[in-house]
Every structure is written in structure tokens, then in C-alpha cells.
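Examination of the molecular architecture
Below are the chains, spelled out letter by letter.
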Amino acid sequence: MAKIIAVSNQKGGVGKTTSAVNLAAAFGAMGKKTLLVDVDPQGNATSGVGVDRRAAKKTTYDILVNDTPASEAVILTRFKNLSVIPSSLDLAAAELEIVDRDKREALLKNAILPIKSDYDYIFIDCPPSLGLVTTNALNCSDTVMIPIQCEYYALEGLSQLMNTVRRVKRLYNPHLDIEGVILTMYDGRLNLTQQVVGEVKKYFPRRVYSTPIPRGVRISEAPSYGMPVIYYDATCKGAKAYTELAEEILRKERG
């Protein structure tokens, strides 16, 4: 039965989609059957694994709004052990379309349940907002992973995210937990980076991964080629960092 991990932060530009794509690819490369679920209307996780969302017959929009079985939306990517459920721009309107639905917060959870046993891990790339679609993702998940950039204002808005996590845990998903915090855009030479890391560790004691993700041109380039960075350039620092982070996550699980 898959472990479901939501990758979430309503602050844009923190490496959320990059982390969802590259961790899903790294888990797949390590032999774990992995599904990436894109619930961000921007669809960057979809294109980041080489899938043209305009050509997708069924998407997460269809799952949430039209009760399409999740199995009908799954696309096998060309990367090892990695499948994706694509997003579409229509998803931007989904919140308005499902707001009056019965058990609207459980639509994604109920759709994913029948395919949960087909995978070892399911990563959900959440939108950069805390609305009904993110609530669906958190309700569906076992844990939430939070990428935080090592820059000024890194902790801005995190209290809202944590309030949403606590609310979903209280109302819908009592087992929801914090998977861990990823430090992104890391540059150990900068004093600011060290200060931010210290603040983040105070805010999330014992939850911050020891493997940070550095800034890197290759990480930025890889999506434009529709490839996770570990396939685009396996020797670059970013690829090595995401592989090491995936190994760290697995080690913690084995515990």
C-alpha cells in the first residue's frame, strides 16, 4: 500500500514542484513504484516529467469534478517506475465547481484509494494556495513535505500552512503528519543561509532534512527538456542532492 506524501507550500518559488518531480523520479530510480499526482493548475509537474498536458485525455480536474476513476488518468512516463496523473488549466476553476459537493474535501482521497495498492509511493504536487484543492490533497495524504527556500522571508506564510494542516488533521485526517522540511536554494557560503537554516530548525525541530538542495543551473534547465534533473544530468550537484535526499527519507522510514 502506497505512502502518500503531499508536497505543499503556498508561497511560490520555493522549489515545491521541483522537489515533487525530482523526489518522485529518484524514488522510481531506486526501484520504488511511484505515482506523481499533479493538482496544481499550472501543470509544471506534468510537463516536468515529459507529458504534454494538452494531449492528456483525463486529468486531476476530471477526477475532482467529473468523478473519473483515477486509473483512467494515469500516464506511464518514460522514466523508471514513474507514472503521473496530469493537471490541466481547467483545475483553476475546480474549487468553484466542487464547493457545493457532498464530502467535497474527500474527492481526491476517494479517487486515489482504489489505486493506492498499485504503488509504493504517491507524491502530490499541491497548488501554491490553501484552498479546497490543497485541502483535498492533505486529506488524501499520510504526510506533508514542506520545501522552504534559504532566503529572507523564508518563514513568511508558514503559520497559515501549519494552521491548514492542523485544521485538516482535526476535521478530516487525524493521521496526517509532517514528513519533513526540505531546505532549497541552499548556499552554505552565505551568512543569510545559515541564519535562515537556524530559524527553520527552531520552527520545525527535528523535522529538517540534513540534505539541502543547492541552487543550480541544471535544476532550472531540466524542466524545459521535460526531464527530472537526475535524468537530465545525473552528475550535477542538484541531481546528487535529490538522490541523497530520497535516500535520507527512505533511511528515516526504515528507522
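In what follows, the structure referred to is the one given above.
A brief report on the enclosed structure follows. What you see is a predicted model; the values in this text were computed from it and never measured.

Inspection of the secondary structure assignment puts Gly13 in the loop between strand S1 (3-7) and helix H1 (16-29). On the basis of relative accessible area, Gly13 is assigned to the exposed category, the value being 62%. Taking C-alpha positions, Gly13 is 9.9 Å from Pro147, a pair spaced 134 residues apart along the chain.

The two faces of strand S4 (residues 82-85) match: Leu82 and Val84 on one face and Ser83 and Ile85 on the other face are all buried. Sheet topology note: the strand S2 (residues 34-38)/S4 ladder contains 4 bridges and is parallel. Residue pairing in the sheet places Val37 in a bridge with Ile85 of S4. Linkage of strand S3 (residues 75-76) to S4, two consecutive antiparallel strands, is achieved through a turn of 5 residues, within which Asn81 is found at a positive phi near 55 degrees.

Located in the positive-phi region is Lys103, a residue other than glycine, with phi close to 50 degrees. The topology assignment puts Lys103 in the loop between helix H4 (94-98) and helix H5 (107-112). Even without a glycine there, the phi angle at Tyr153 is positive, about 70 degrees. Tracing the backbone through its elements, the reader meets Tyr153 in the loop between strand S6 (143-149) and helix H7 (158-171).

All right, on to the layout of surface pockets then. Volume-wise, the largest pocket comes out at about 540 Å³. Surrounding the largest pocket, 30 residues form its lining, Gly15, Lys16, Thr17, Thr18 and Met185 being those nearest its centre. Broken down by secondary-structure element, the contributors of at least two residues to the lining of the largest pocket are H1, helix H2 (44-48) and helix H9 (217-221). With 5 residues, the top contributor of residues to the lining of the largest pocket is H1. Residue classes in the lining of the largest pocket are distributed as 13 nonpolar, 13 polar and 4 charged.

Strand order in the open sheet formed by 7 strands is S3-S4-S2-S5-S1-S6-S7, and the pairing between neighbours is mixed. One side of each edge strand has no neighbouring strand; the edge strands of this open sheet are S3 and strand S7 (177-184). Bridge count between S1 and S6: 3 bridges; the pairing is parallel. Note on S6: the bridge partner recorded for Ile5 is Thr143. Its contacts with the sheet put H7 on S6 and S7, and the angle it makes with S6 is roughly 180 degrees. Here helix H11 (residues 237-254) sits on the sheet in contact with S1, strand S5 (121-125), S6 and S7, set at roughly 155 degrees to S7.

Next up on the list: the pairing of S7. Within S7, 7 of the 8 residues are buried, leaving the element largely enclosed by the surrounding structure. Where S6 and S7 come together, 7 bridges link them in parallel fashion. Each bridged residue has a counterpart across the sheet, and for Met145 the counterpart in S7 is Gly180. As for the winding sense of the linkage, the β-α-β connection from S6 through H7 to S7 is right-handed.

In terms of nonpolar packing, the biggest core is built from 49 residues, with Ile85, Leu108, Ile112, Ile122, Ile124, Ile146 and Phe204 touching the most fellow members. If we skip the residues at most four places from it in the chain, Ile146 touches Ser8, Asn9, Leu158, Leu161, Met162, Ile178, Gly180, Val181, Ile182 and Phe204. Counting residues in hydrophobic clusters, the runner-up holds 36 residues, among them Ala25, Phe27, Val49 and Val84.

Conventions used here
- Residues numbered from 1 in each chain as written.
- Predicted model: local features only at pLDDT ≥ 70, side-chain atom pairs only at ≥ 80, totals over all residues.
- Heavy atoms only, no water.
- Helix = DSSP H or I, 4+ residues; strand = E, 2+ residues; numbered from the N terminus.
- Buried < 20%, exposed > 50% of the residue type's maximum accessible area, 1.4 Å probe, protein only.
- Pairing = 2+ DSSP bridges.
- 1 Å grid on protein atoms, 1.4 Å probe; cavity = no way out; pocket = protein on both sides within 12 Å on 5 of 7 lines; lining within 4 Å.
- Points joined across faces, edges and corners; volume = space filled by probe spheres on them.
- Nonpolar A, V, L, I, M, F, W, Y, C, P; charged D, E, K, R; others polar.
- Contact = heavy atoms within 4.5 Å.
- Axes fitted to C-alpha atoms, helices over the stretch in contact; angles between N-to-C directions.
- Right-handed = clockwise from strand over helix to strand, strands pointing away.
- Core = buried A, V, L, I, M, F, W, Y, C linked by side-chain atoms within 4.5 Å.

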